Amino acid sequence: MARTQALPIQITTGDPRPIGRQIIDAVRMRIATGALRPGAQLPSVRGLAQQLTINPNTVAKAYAELTAEGWLESRQGLGLYVAEPRQRLSSAERDRRMDEAIQSFVHEVIALDYPPERAMARLDKALAILDRKTA
């Protein structure tokens, strides 16, 4: 049986994302980079809420969304575990979300008056973390 892993994530009060979104994004990233492996048990709702000093309902909602998207699986009476990798979204939905993310990124780069070359270099560096997973 898998043991519960500590979930070393932090909530940033100045972050424009809601706390629940920060939890979802952090768990997704840890799974995508291999820091959380399939079968790893996550802390309980109460445990993570205490760790982060937030309302348990916020953690429960984040966990519910991650479960609905297929990142986590609930095992009756045992807790939440990282699900085995699978195609979570249709190709059309993946393309739609990628287009949305790219547009958001481009709008932010424009608003920051950042040169495209520097933006691409920073993006390459940020995405390099995914290369280490496949290596």
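The coordinates are above.
Attention here is on the structure that accompanies the text. (Residues numbered from 1 in each chain as written. Predicted model: local features only at pLDDT ≥ 70, side-chain atom pairs only at ≥ 80, totals over all residues. Heavy atoms only, no water.)

Some thoughts on helix α2 (residues 45-52)
Inference 1: All buried positions along α2 are accounted for by L48, A49 and L52. Within α2, the buried residues cover an arc of 100° as seen down the axis, which keeps them to one side. What points out from α2, more than 90 degrees from its buried face, is the exposed set R46 and Q50.
Inference 2: Residues of α2 that are buried make contact with α1 (19-32) and α3 (56-68).
Inference 3: With its phi angle positive at about 50°, T53 sits one or two positions after the end of α2. (Buried < 20%, exposed > 50% of the residue type's maximum accessible area, 1.4 Å probe, protein only. Helix = DSSP H or I, 4+ residues; strand = E, 2+ residues; numbered from the N terminus. Arc of directions from axis to C-beta. Contact = heavy atoms within 4.5 Å.)

Observations concerning the pattern of salt bridges
Inference 1: For the structure shown, the criterion picks out 11 salt bridges.
Inference 2: One salt bridge in this structure joins E69 and R28, with 2.6 Å as the shortest N-O distance. Note that E69 is positioned in the loop between α3 and β1 (72-75) and R28 in helix α1, a separation of 41 residues in sequence.
Inference 3: Residue E69 is classed as buried on the basis of its relative accessible area, which comes to 15%.
Inference 4: The partner of R96 in a salt bridge is E93, and the shortest N-O contact between them spans 2.7 Å. In this pair, R96 and E93 are both assigned in helix α4 (residues 91-111), 3 residues apart and thus about one turn of the helix distant.
Inference 5: Classification of R96 as partly exposed rests on a relative accessible area of 41%.
Inference 6: With a relative accessible area of 21%, E93 lands in the partly exposed category. (Salt bridge = Lys/Arg side-chain N within 4 Å of Asp/Glu carboxyl O.)

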